[in-house]
Amino acid sequence: MPANAFDRAAASYDTARAFPPGIAELVAAAALDLVPGVLNLVEIGVGTGRITRPLLAGGARVVGFDLSGGMLAQLRALLPPGAAQPPLAQADVTALPLTAAAYDAVVAVHVFQLIANWRGALDEVRRVLRPGGALLFGYEWRPADSPGARLRDQWNVIVRAQGGDQPPAQHDFADITAALLAQGAALEERAVGEWTLTRTLARQIETIEHRTWSPDWAAPPGFFPRCLAELRTWAAATYGGLDAAYVVPHRFIWQRFTWPVAA
């Protein structure tokens, strides 16, 4: 994905990924609790600071990196008036401009599945972590069998059947976790907060039609209309219509990976 690909989403990203009131603070507090006494953090794929901003408010020192200059500009604009500006830079996670073994934790939320060379990125994360440091993966959990999740799965099936590659440059998070465990990492998982969102299939299809999410950005012109028509037909036949509301439970999951420290 081009370095500036996420510039298009910078202005709307916080709205699309918004936490309900109070959840961001719980997420940040849990992260700091998982790395007690740690203040020197790196967030890769920092984006608009949805995670970094509450970490800063919680007293952490965070260095943030992202490929998108637009995202970093939005992060700076969203900091409270008078707040100290954290160090931010455009950089590839496979070549971070950081000193080796200098940081207590690296934070990555909804980013590793987008990195083509994710194994190289893991090597770079371990390079910058001090002995005993931690990698914190974060993601939002929701049921795999919810109507929205099934809709997205069916969309991928339709696009592939039409000759598309959907979603591009995505990797199975389970493969990344397995690679970390194979390196000898220990895993601790913690769920943080619970909330629900109410959606309709019509609204979910609109997010695909408007290319709200990155997996849909690379589709060629003219490709969407015929696929969307098929998706709407499938959704109506499966659920009896597109406008009925359904409720989806969410919670945030932190996964902390740590490696044995050599004697």
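You'll find the structure just up there.
Residues numbered from 1 in each chain as written. Predicted model: local features only at pLDDT ≥ 70, side-chain atom pairs only at ≥ 80, totals over all residues. Heavy atoms only, no water.

What to know about the overall build of the protein chain
Thinking step 1. Check the secondary structure of the protein chain and you find nine helices and seven strands.
Thinking step 2. Going through the 263 residues of the protein chain one by one, you find that 47% of them count as buried.
Thinking step 3. Taking the intrachain contacts of the protein chain between residues at least 6 apart in sequence as the baseline, contacts between residues at least 24 apart amount to 80%. (Helix = DSSP H or I, 4+ residues; strand = E, 2+ residues; numbered from the N terminus. Buried < 20%, exposed > 50% of the residue type's maximum accessible area, 1.4 Å probe, protein only. Contact = heavy atoms within 4.5 Å.)

Things to note about the packing of helix H8 (residues 201–209) against helix H9 (residues 223–239)
Thinking step 1. In the contact formed by H8 and H9, the axes pass within 11 Å of each other and the chain directions differ by 165°. Judged by the angle between their axes, H8 and H9 are roughly antiparallel. Crossing geometry of H8 relative to H9 is assigned as right-handed. In contact with Leu201, Ile205, Ile208 and Glu209 of H8, H9 contributes Phe224, Leu228, Leu231, Arg232, Ala235 and Tyr239.
Thinking step 2. In the contact of H8 with H9, the residues fall into eight nonpolar, no polar and two charged. (Axes fitted to C-alpha atoms, helices over the stretch in contact; angles between N-to-C directions. Parallel < 35°, antiparallel > 145°, perpendicular 65-115°, else oblique. Left-handed = near helix turned anticlockwise from the far one by under 90°. Nonpolar A, V, L, I, M, F, W, Y, C, P; charged D, E, K, R; others polar.)

What about the environment of isoleucine 208?
Thinking step 1. Positionally, isoleucine 208 belongs in helix H8.
Thinking step 2. Looking at isoleucine 208, the relative accessible area reads 2%, which means it is buried.
Thinking step 3. C-alpha of isoleucine 208 to C-alpha of phenylalanine 224: the two residues are 16 residues apart in sequence and 8.9 Å apart in space.

Some details on the packing of aromatic side chains
Thinking step 1. A complete count under the given rule lists six aromatic pairs for this structure.
Thinking step 2. Seen in terms of ring centroids, phenylalanine 19 and phenylalanine 252 are 6.0 Å apart; in terms of plane orientation they differ by 75°. Their pairing is edge-to-face. With phenylalanine 19 in the loop between helix H1 (13–16) and helix H2 (23–34) and phenylalanine 252 in strand E7 (residues 245–258), the pair connects residues that are 233 residues apart, well separated along the chain. Both residues of the pair, phenylalanine 19 and phenylalanine 252, belong to the buried class.
Thinking step 3. Ring geometry for phenylalanine 137 and phenylalanine 257: centres 5.6 Å apart, planes at 80°, overall edge-to-face. On the criterion of sequence distance, the pair formed by phenylalanine 137 in strand E5 (residues 129–141) and phenylalanine 257 in strand E7 is long-range, its members being 120 residues apart. Here phenylalanine 137 and phenylalanine 257 have matching classes, each one buried.
Thinking step 4. Through pairs of rings, three or more aromatic residues link up here, namely Phe19, Trp195, Phe252 and Trp254.
Thinking step 5. A cation over an aromatic ring shows up here: arginine 50 above the ring of phenylalanine 19, its NZ or CZ 4.3 Å from the ring centre.
Thinking step 6. The side chain of arginine 251 reaches across the aromatic face of tryptophan 141, ending 4.1 Å from its centre. (Phe/Tyr/Trp six-rings, centres within 6.5 Å; stacked < 30°, edge-to-face > 60°. Lys NZ or Arg CZ within 6 Å of the ring centre and 35° of its normal.)

Side note on the nonpolar core
Thinking step 1. Core analysis: the largest hydrophobic core is formed by 28 residues, its most contacted members being Ile44, Phe112, Leu122, Leu135 and Phe137.
Thinking step 2. Those elements giving two or more residues to this core turn out to be strand E1 (40–44), strand E2 (61–66), strand E4 (103–109), helix H5 (118–128), E5 and helix H7 (173–182).
Thinking step 3. Residue contributions to this core peak at five residues, all from H5.
Thinking step 4. Counting residues in each nonpolar core, the second largest holds 24 residues, with Ala24, Ala30, Ala31 and Val35 among its members. (Core = buried A, V, L, I, M, F, W, Y, C linked by side-chain atoms within 4.5 Å.)

Brief notes about the pairing of E2
On a regular strand, one side chain projects to one face of the sheet and the next to the other, so that they alternate.
Thinking step 1. Counting buried positions over the six residues of E2 gives five, a clear majority of the element.
Thinking step 2. On the question of chirality, the crossover connecting E1 to the parallel E2 by way of helix H3 (residues 52–57) is right-handed.
Thinking step 3. Of the strand pairs in this sheet, E2 and strand E3 (residues 88–90) are connected by three bridges, and their pairing is parallel. Directly across from glycine 64, in E3, lies its bridge partner leucine 88.
Thinking step 4. Handedness of the crossover is the feature at issue here: the chain leaves E2, passes through helix H4 (residues 69–78), returns alongside E3, and the resulting connection is right-handed. (Right-handed = clockwise from strand over helix to strand, strands pointing away. Pairing = 2+ DSSP bridges.)

Concerning the sheet that holds E1
Thinking step 1. Across the sheet, seven strands lie side by side as E3-E2-E1-E4-E5-E7-E6; this open sheet has mixed pairing. Lying at the two open borders of the sheet, with one neighbouring strand each, are E3 and strand E6 (186–200). Averaged over all neighbouring strand pairs, the angle between strand axes comes to 20°, with direction disregarded.
Thinking step 2. In this sheet, E2 lies alongside E1 in parallel orientation, the contact comprising five bridges.

Thoughts on helix H6 (residues 147–161)
Thinking step 1. For H6, built from 15 residues, the straight-helix expectation of 21 Å at 1.5 Å per residue is met to within 8% by its first-to-last C-alpha distance of 21 Å.
Thinking step 2. What H6 keeps buried is the set Pro147, Gly148, Leu151, Arg152, Gln154, Trp155, Asn156, Ile158 and Val159.
Thinking step 3. Those residues of H6 that are buried lie in contact with H8, H9 and E7.
Thinking step 4. Taken from the residues just after H6, glycine 163 is the one with a positive phi, measuring 100°. (Expected span 1.5 Å × (residues − 1).)

Such coordinate-based values are descriptive only and should not be taken to indicate function.
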